[in-house]
Amino acid sequence: MSKIISVHSFRGGTGKSNTTANVATLLAMEGLRVGVIDTDIQSPGIHVLFGLSEEEMRYSLNDYLWGKCEIQETAHDVTSHLGQGVAGQVLVIPKGQVYLIPSSIKVGEIARVLREGYDVGLLNDGFHELVEKLDLDVLMIDTHPGLNEETLLSISISDALIVVMRPDQQDYQGTGVTVEVARKLDVPKMFIVVNKTPSILDFDDVAAKAQQTYNCEVAAVLPHSDEMMTLASNGVFVARYPDHPITNKLRSLARRLIE
Ligand SMILES: Nc1ncnc2c1ncn2[C@@H]1O[C@H](COP(=O)(O)OP(=O)(O)OP(=O)(O)O)[C@@H](O)[C@H]1O
Ligand SMILES: [Mg+2]
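Residues numbered from 1 in each chain as written. Chains lettered and ligands numbered in written order. Predicted model: local features only at pLDDT ≥ 70, side-chain atom pairs only at ≥ 80, totals over all residues. Heavy atoms only, no water.

Re the sheet that holds strand β6 (residues 160–165)
With mixed pairing, the 8 strands of this open sheet are ordered in space as β3-β4-β2-β5-β1-β6-β7-β8. Among the strands making up the open sheet, the edge pair consists of β3 (76–77) and β8 (217–223). Taken together, the 4 bridges between strand β1 (residues 4–8) and strand β5 (residues 138–142) define a ladder with parallel strand orientation. Its bridge partner lying in β5, S6 is registered against I141. Contacts from helix α5 (residues 120–133) reach β1, β2 (33–38), β4 (97–101) and β5 within the one sheet, and its direction differs from that of β5 by about 145°. Its contacts with the sheet put helix α7 (residues 169–184) on β1, β6 and β7 (189–197), and the angle it makes with β6 is roughly 170°. (Pairing = 2+ DSSP bridges. Helix = DSSP H or I, 4+ residues; strand = E, 2+ residues; numbered from the N terminus. Contact = heavy atoms within 4.5 Å. Axes fitted to C-alpha atoms, helices over the stretch in contact; angles between N-to-C directions.)

Written out as structure tokens, the structure is:
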């Protein structure tokens, strides 16, 4: 089983955080204990999908990196949040657990990381300690777009990497960079997810083009979806739409990851 799974994209806004939250939730629905860590310290956001407010964040990843707490103290059990939907909507609460390790959303704390940096070795220790202390089956790492110290670290320690891209010429070129780096770092498993695909395109052609371009398995081609846009990060899609075609494609991806 893949213990550490990173989700990357070279460019921003491809759908990394949504993919991370959805796959984590689907794995928890399979009964697994899943950690989700937001390493997008410069522009964190995945806590919004899990409905974790700023007031509820006891400790963040920043506190751990500054030696204020243990890494396991930054973990928030957000499993029950997945069942909180719009009135009258019955949502699926996973059998397993989802623990979120958020990055701080406080201006001063983001500025401090940008100004002073942090010890990347400590982040590496934190990943492994989280798996051990929380007895996780899987740790998923959501990242900042492009290549920087924490993305390189997360690629290098991952058992599996999901590279998210849109069918856009800028993404095609940038994804090539991420795939090349991942190959140099010998990531055992790598999957491409093509997201926000316009419905007028032939999805098989899109998959074939990405597969040929990167010589890498295309695990899912997902449509640009009005439901996803309307949800607008106000929840985790697969918990809201458990039988949606997008959920079924993401479920296949989740199962491939833990094979
Ligand atoms: N398949 C889709 N169809 C429509 N909208 C989508 C789809 N996937 C994601 N989105 C929307 O795109 C926006 C960006 O998604 P998300 O935050 O997951 O991307 P990201 O790659 O994490 O962005 P960043 O690089 O800023 O971290 C969100 O508003 C989300 O709701
Ligand atoms: Mg994101």
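Moving on, there is more to tell.
Regarding unusual backbone geometry
For D186, which is not glycine, the phi torsion reads 55° and is therefore positive. You can see D186 is positioned in the loop between α7 and β7. The phi dihedral of K196 falls on the positive side, at around 60°, and the residue is not glycine.

Considering the packing of helix α1 (residues 16–29) against helix α11 (residues 245–257)
At a minimum axis separation of 9 Å, α1 and α11 run at an interaxial angle of 70°. As judged from the angle between their axes, α1 and α11 are roughly perpendicular. Counted together, N22, V23, L26 and L27 of α1 and T247, L250, R251, L253, A254 and L257 of α11 form the full contact between these two elements. The residue inventory of the contact of α1 with α11, partitioned by class, reads 7 nonpolar, 2 polar and 1 charged. (Parallel < 35°, antiparallel > 145°, perpendicular 65-115°, else oblique. Nonpolar A, V, L, I, M, F, W, Y, C, P; charged D, E, K, R; others polar.)

Keep in mind these numbers describe shape, not what the thing actually does.
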